[in-house]
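Descriptive analysis of the structure
Each chain, letter by letter, is given below.
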Amino acid sequence: MKYVSTRNKNVSVSAHQAILKGLAADGGLYTPAQLQIHFTPEQFLHKTYQETAAMILSAFLDDYSKEEIREAVQKAYDDKFDDKDIAPVRSLTDTNLLELYHGPTSAFKDLALTILPTLLTDAIRKENCQDTICILTATSGDTGKAALAGFKDVPGTAITVFYPEIGVSAIQKRQMQTSQGNNVKVIAVKGNFDDCQRMVKQAASDPEIIAAGRGVSLSSANSINLGRLLPQIVYYCTAYAKLVENSKIKCGDEINVAVPTGNFGDILAGWLAKAIGLPIHKLICASNTNNVLYDFLTTGTYDSRRPFHNTMSPAMDILVSSNLERLLFLKSKKNDALVKDLMKQLQTDGKYTVPEELLASIQNDMTGEWTNEEDCARTIHDTWQNEHVLIDPHTAVALHGLKQYQQDTKDSRPSLVLSTASAYKFSHDVYKALTNKEEADDFKAMKDLCTLTGYPIPANLANLENLPVRFHTVIDQEDGMSTIRNIMEELSHAHH
Ligand SMILES: *Cc1c(COP(=O)(O)O)cnc(C)c1O
């Protein structure tokens, strides 16, 4: 199977090459050249998470042997997860939550970042690559820690994470700052996620930076990397199977799926699940006050020129959602010239408008909703009050988005809401939503929340307060490129 750049179909590589490179040299994102993979929903029934993962990943990563895939899957989805189902489904009165936060860092990013290091290590071997792989990662909070945990001391790799100094939760920040491992660096940036992402993308095609790193190759652990995207298809399929097995739906029934969306990676994986045969009617793209995707899905104009809001769901505080580029490519019948032009407009004018047929085709599969801070807090509160289920702000945005969608359309198909993080990562805001009280100390809020709800604090978070802080560096945005150049030089020296 071949993967091509969204900005030039003639740039065509195999899966392991795409994983190794992260971003295509022309700035495009590697995307399946042809989607000929098809599964029937029956094929997902009565399988373990690992079996379904191996089945789906083997289809997409056909340049990896069955044995390589099986080993990567076994290594990733083991007792690092505190639930034997890996991604369990919990039913509420009117919908179902897909709990994606049982991994080592308590966010859904773990589902991909526990397997990506093995896929990348395999790719290094397949290419007989002698370079050190320098993984630059921009994070709005959760990717950072999940990537740091995944790549910790992985031979042949070094990872640097850039996070917005203001915006991530106190717990997320502490998770990253206390990271262990000899090949990791964590740097705060005076800016927001979009600034961090721009830095990382710019570095990938900066000739000076590439020249500085002789013996060093750049890659990415962001969802622009194909190796992040593909493993995320799996849990849509296992969740569907669980709904069938628990008699919530009959096999073949259509469901709606609400996805709390930031960089558009998770929901794009959902779209791919639908494309390969999972009976999804609509994907509900749920945003917070940074509702650029809602506006796009409603009007066809993507306009990033707007105020940036710091919200209690920081993983969705994003104005430039990278993976939308892949959907535009796939939905425009792979019109690379169009995608290239739109992305150029985004860069120069901060906005673009897609042709009407393209918008209509996207709207067939997807609809946008957005939720303000007050409704988000109320949803956390009410879900606890009415269902005795504790949800985090991102999940609340998706749950509220689903309810709005159902009200607006009267579409009563069975539904699934992606629950993307442990509430304890956002203990300050969740505690406040439940009690209407401020607790300035996030760790105290965590313990009080535990006393209040009886929900166990995940082990990785319970211990956080006592770990030494290793990383303090804060940089100005303008110093991003020189910082990356220094990292490349350092790695280059170490390499020789
Ligand atoms: C990353 C993240 C999201 C958004 O996912 P994207 O793939 O970036 O759209 C939503 N919720 C949480 C908790 C996250 O960490």
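So, here is what we can say about the structure in this document. Just so we're clear, the structure is a prediction, and the values are computed from it rather than from any experiment.

**Quick word on the layout of surface pockets**
There is about 790 Å³ of room inside the largest pocket. Contributions of two or more residues to the lining of the largest pocket are made by helix H8 (193–204), helix H14 (324–331) and helix H15 (336–349). The element that contributes the greatest number of residues to the lining of the largest pocket is H8, accounting for seven residues. In the lining of the largest pocket, the residues fall into 12 nonpolar, 10 polar and nine charged.

**Some points on helix H20 (residues 442–453)**
Here H20 spans 16 Å end to end across 12 residues, near enough to the 16 Å set by a 1.5 Å rise per residue. Within H20, burial applies to Asp442, Phe443, Ala445, Met446, Leu449 and Thr453. Each buried residue of H20 lies within a common arc of 155° when the element is viewed along its axis, so the set occupies one face. Those residues of H20 hidden inside the fold are in contact with helix H7 (170–177), helix H17 (373–387), helix H19 (427–435) and helix H21 (459–462). For H20, the side-chain oxygen to backbone nitrogen distance between the N-cap and Phe443 is 2.8 Å, and the N-cap itself is Asp441. Taken from the residues just after H20, Gly454 is the one with a positive phi, measuring 75°.

**Structural notes on the nonpolar core**
Grouped together as the largest cluster of nonpolar side chains are 112 residues, with contacts concentrated most on Tyr77, Ile233, Tyr235, Tyr236, Leu328 and Tyr352. In terms of residues, this core owes the most to one element, helix H11 (residues 231–245), which gives 10 residues. Ignoring any residue separated from it by four or fewer positions in sequence, one finds Tyr352 in contact with Phe296, Gly300, Thr301, Tyr302, Leu324, Leu328, Leu342, Met343, Gln345 and Leu346. Core analysis: the next-biggest nonpolar cluster, separate from the first, contains 36 residues, Ile380, Tyr405, Ala433 and Phe443 among them.

**Concerning the site of the ligand**
The immediate surroundings of the ligand are formed by 14 residues, with Lys109, Asp142, Gly262, Asn263 and Thr420 found nearest. Contacts to the ligand include Lys109, whose side-chain N or O atom sits 2.6 Å from an oxygen atom. Of the pockets mapped on this structure, the ligand occupies the largest cavity. Among the residues forming the shell around the ligand, the class breakdown is five nonpolar, six polar and three charged.

**Brief notes about the environment of Tyr30**
Counting through the fold element by element, Tyr30 comes out in strand S3 (residues 30–32). When near neighbours in sequence (up to four residues on either side) are disregarded, Tyr30 contacts Tyr3, Val4, Ser5, Val11, Val13, Ala18, Lys21, Gly22, Leu23, Ala24, Leu226 and Arg326.

**Examining empty space enclosed by the protein**
Under the defined criterion, the tally for this structure stands at four cavities of 30 Å³ or more. Taken as a whole, the largest cavity spans an internal volume of roughly 270 Å³. Contributing to the lining of the largest cavity are 26 residues, with Phe108, Lys109, Gly262, Asn263 and Ala315 lying nearest its centre. The element that contributes the greatest number of residues to the lining of the largest cavity is helix H12 (residues 265–275), accounting for three residues.

**What about the packing of aromatic side chains?**
What characterises a pair of aromatic rings is the spacing of the ring centres plus the angle enclosed by the ring planes. Summed over the entire model, instances satisfying the criterion amount to eight aromatic pairs. Between Phe296 and Tyr352 the ring centres are 6.2 Å apart and the planes differ by 65°, which places this aromatic pair in the edge-to-face class. Of this pair, Phe296 sits in helix H13 (residues 292–299) while Tyr352 sits in strand S13 (residues 351–353); the two residues are 56 residues apart in sequence, bridging distant segments of the chain. For the pair Phe296 and Tyr352, a shared accessibility class is recorded, and that class is buried. Taken together through their ring pairs, the aromatic side chains of Tyr49, Tyr77 and Phe81 make up a single cluster. Over the face of the ring belonging to Tyr64 we find Lys126, whose NZ or CZ atom lies 4.8 Å from the ring centre.

**Here we look at the sheet that holds strand S5 (residues 96–99)**
Within the open sheet, the six strands sit side by side as S4-S5-S15-S10-S11-S14. Their pairing is mixed. Since the sheet does not close on itself, it has two edges, and those belong to strand S4 (89–91) and strand S14 (366–370), each with one partner. Put simply, the sheet's adjacent strands are angled 25° from each other on average, direction ignored. Examined bridge by bridge, S5 and strand S15 (residues 415–419) share four bridges and lie parallel to one another. When the sheet's bridge partners are listed, Leu97 is paired in S15 with Val417. Those strands touched by H12 are strand S10 (255–260), strand S11 (280–287), S14 and S15, and its axis lies near 175° from that of S11. In this fold helix H18 (residues 393–409) packs onto S5, S10, S11, S14 and S15, with an angle of close to 160° to the strand it touches most, S15.

**Thoughts on the sheet that holds S3**
If you trace the three strands from one edge of the open sheet to the other, you get S2-S1-S3, paired in antiparallel fashion. Looking at which strands have only one partner, the edges of the open sheet turn out to be strand S2 (8–13) and S3. Here the strands of the sheet are splayed against their neighbours by 45° on average, with no regard to which way each runs. Note: strand S1 (residues 3–5) against S3, three bridges, orientation antiparallel. Bridging from a neighbouring strand, Tyr3 pairs with Pro32 of S3. Docked against the sheet, H14 engages S1, S2 and S3, running at close to 40° with respect to S3.

What counts, and where the lines are drawn
- Here the residue index of a chain counts from 1 through its sequence in written order.
- pLDDT decides what is reported in this predicted model: residues at 70 or higher carry local features, side-chain atom pairs at 80 or more are listed and counted, and totals for whole chains, interfaces and linings draw on all residues regardless.
- Excluded from the side-chain calculations are hydrogens and water; all other atoms, namely the structure's heavy atoms, are used.
- Cavities and pockets were defined on a 1 Å grid built from protein atoms only: a cavity is a group of points that admits a 1.4 Å probe but offers it no way out, a pocket is an open group of points flanked by protein on both sides within 12 Å along at least five of seven lines, and a lining residue is one with an atom within 4 Å of any such point.
- Grid points are joined across faces, edges and corners, and a volume is the space filled by probe spheres set on the points.
- For helices the rule is a DSSP run of H or I covering at least 4 residues; for strands it is a run of E covering at least 2, with both sets numbered from the N terminus onward.
- Nonpolar residues are Ala, Val, Leu, Ile, Met, Phe, Trp, Tyr, Cys and Pro. Charged residues are Asp, Glu, Lys and Arg, and all others, Gly as well, are polar.
- How far a helix is expected to stretch is found by multiplying one less than its residue total by 1.5 Å.
- With a 1.4 Å probe rolled over the protein chains alone, any residue whose accessible area is under 20% of its type maximum counts as buried; one over 50% counts as exposed, and the rest are partly exposed.
- Think of it as the arc spanned by the lines of direction from the helix axis to the C-beta atoms.
- Residues are treated as being in contact if the distance between any of their heavy atoms lies within 4.5 Å.
- Here a polar contact means two N or O atoms within 3.5 Å. Within protein one must be a hydrogen donor candidate and the other an acceptor candidate, and residues neighboring in sequence count only if both atoms are side-chain atoms.
- Only buried residues count toward a nonpolar core, which is a set of Ala, Val, Leu, Ile, Met, Phe, Trp, Tyr and Cys residues joined through side-chain atoms within 4.5 Å.
- Any residue with a heavy atom lying within 4 Å of a molecule or strand is counted as near it.
- For a molecule to be placed in a cavity or pocket, more than half of its atoms must lie within 2 Å of the grid points of that cavity or pocket.
- In this analysis, rings of Phe, Tyr and Trp, with Trp reduced to its six-membered ring, are considered paired at centre separations within 6.5 Å, and the interplanar angle assigns stacked below 30 degrees, edge-to-face beyond 60, and tilted for intermediate values.
- Two conditions define a charge sitting above a ring: the NZ of Lys or the CZ of Arg must be within 6 Å of the ring centre, and it must be within 35 degrees of the ring normal.
- If DSSP finds at least two bridges between two strands, the strands pair.
- Only C-alpha atoms enter the line fits that serve as axes; for helices the fit covers just the stretch in contact. Angles between N-to-C directions range over 0 to 180 degrees.

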